[in-house]
Amino acid sequence: MNLLAAWIALPVGAVVGSFAATAGLRWTQGRQAIVGRSRCDACDVRLGYAATVPILSYLHLGGACAGCRAPIHPGHLAGEAAGVGLAMASVLLLPIGPAILAAMLGMVLVAAAVADAVSRRLPDLLSIVAAVLGAALALQRGPAALLVGFVAAVTTGALLLVLRGIFAARTGDPKMGLGDVKLAMALALWTGAATPWMFVIAGLAGLVQLRMSKTADGRIAFGPALAAAGWSVGLALQAGVFGDLIP
Ligand SMILES: [Zn+2]
């Protein structure tokens, strides 16, 4: 049963991941993303259906638009690959109800991560939807888990705001955007008492990212690391990896 669901999740995950990445990219350009045919980001030419097959089209076209040869943003490929991975992991590890919720939350995070990577801004709407889905997933584990999620979210928000204050006082730069704080709070609703793991993993990923990327202002988009870490910890928690230790 789960294996069949995984085979269905593969193409569905790729298509929804593609849509999510496109929505995130278009948000950074101030364009609507929800309706309308696929278009090239650069020359705005309408794409035929053959050019919109996730992953395969990107590879076939060599990562460039067939019309104008402008490079296709790698966020499309990353979103499609992430969509496949998270949809398959969800149906393999969780019962179908929570699996659909977790995969939906993952897709919202794909859009948020792509938007943050491009513009270093996280759309509030996506964090709100992530919070609702995270709370629904916590409730699937029981009312106690949802309560712990609320406490974790409030604690996360308070700690990160204090941290921003300390950074700002010391260096004149809060280092962390308010968008990151809101997304972390949304994810903490789901990850509950396992939230420290989210910060350990996201922090390590952020350090690697900081080492590898030499940005002029020494800052990075933290959203993708935060989203990936929060979703992974949430999925592990939902799948019972933490056992009876954490509700
Ligand atoms: Zn083009």
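Note that the coordinates shown come from a computational prediction; the quantities given were computed from them, not determined experimentally.

Draft legend 1. How the structure looks around the overall build of the chain. Tallying secondary structure elements over the chain gives nine helices and zero strands in all. Order of helices (α) and strands (β) in the chain, N terminus to C terminus: α-α-α-α-α-α-α-α-α. In terms of overall size, the chain behaves like a compact globule, its C-alpha atoms giving a radius of gyration of 18 Å where 247 residues would be expected to give roughly 18 Å. Summarising its shape, the C-alpha atoms of the chain cover approximately 55 × 50 × 30 Å along the three principal directions. Residue pairs at least 24 apart in sequence account for 72% of intrachain contacts in the chain once pairs closer than 6 positions are excluded.

Draft legend 2. Structural context of the packing of helix 3 (residues 74-93) against helix 4 (residues 96-119). Taken N-terminus to C-terminus, the directions of helix 3 and helix 4 make an angle of 160°; their axes are 9 Å apart at the nearest point. Taken together, the axes of helix 3 and helix 4 lie roughly antiparallel to each other. For the element pair helix 3 and helix 4, the recorded crossing hand is right-handed. Contact residues: helix 3 offers Gly75, Gly79, Ala82, Gly83, Leu86, Ala87, Ser90 and Val91, while helix 4 offers Ala99, Ala102, Ala103, Gly106, Met107, Val110, Val114, Ala117 and Val118.

Draft legend 3. Region of the structure containing the packing of helix 8 (residues 195-212) against helix 9 (residues 223-238). Direction vectors running N to C along helix 8 and helix 9 enclose 145°, while the axes themselves pass 8 Å from each other. Viewed along their axes, helix 8 and helix 9 form a crossing whose handedness is right-handed. Counted together, Trp197, Met198, Ile201, Ala202, Ala205, Gly206 and Gln209 of helix 8 and Ala225, Leu226, Ala228, Ala229, Gly230, Ser232 and Val233 of helix 9 form the full contact between these two elements. Of the residues contributing to the contact of helix 8 with helix 9, the split by class is 10 nonpolar, four polar and no charged.

Criteria and cut-off values
- Residues numbered from 1 in each chain as written.
- Predicted model: local features only at pLDDT ≥ 70, side-chain atom pairs only at ≥ 80, totals over all residues.
- Helix = DSSP H or I, 4+ residues; strand = E, 2+ residues; numbered from the N terminus.
- Rg over C-alpha atoms; globule rule 2.2 N^0.38 Å.
- Contact = placed C-beta atoms within 7 Å.
- Axes fitted to C-alpha atoms, helices over the stretch in contact; angles between N-to-C directions.
- Parallel < 35°, antiparallel > 145°, perpendicular 65-115°, else oblique.
- Left-handed = near helix turned anticlockwise from the far one by under 90°.
- Nonpolar A, V, L, I, M, F, W, Y, C, P; charged D, E, K, R; others polar.

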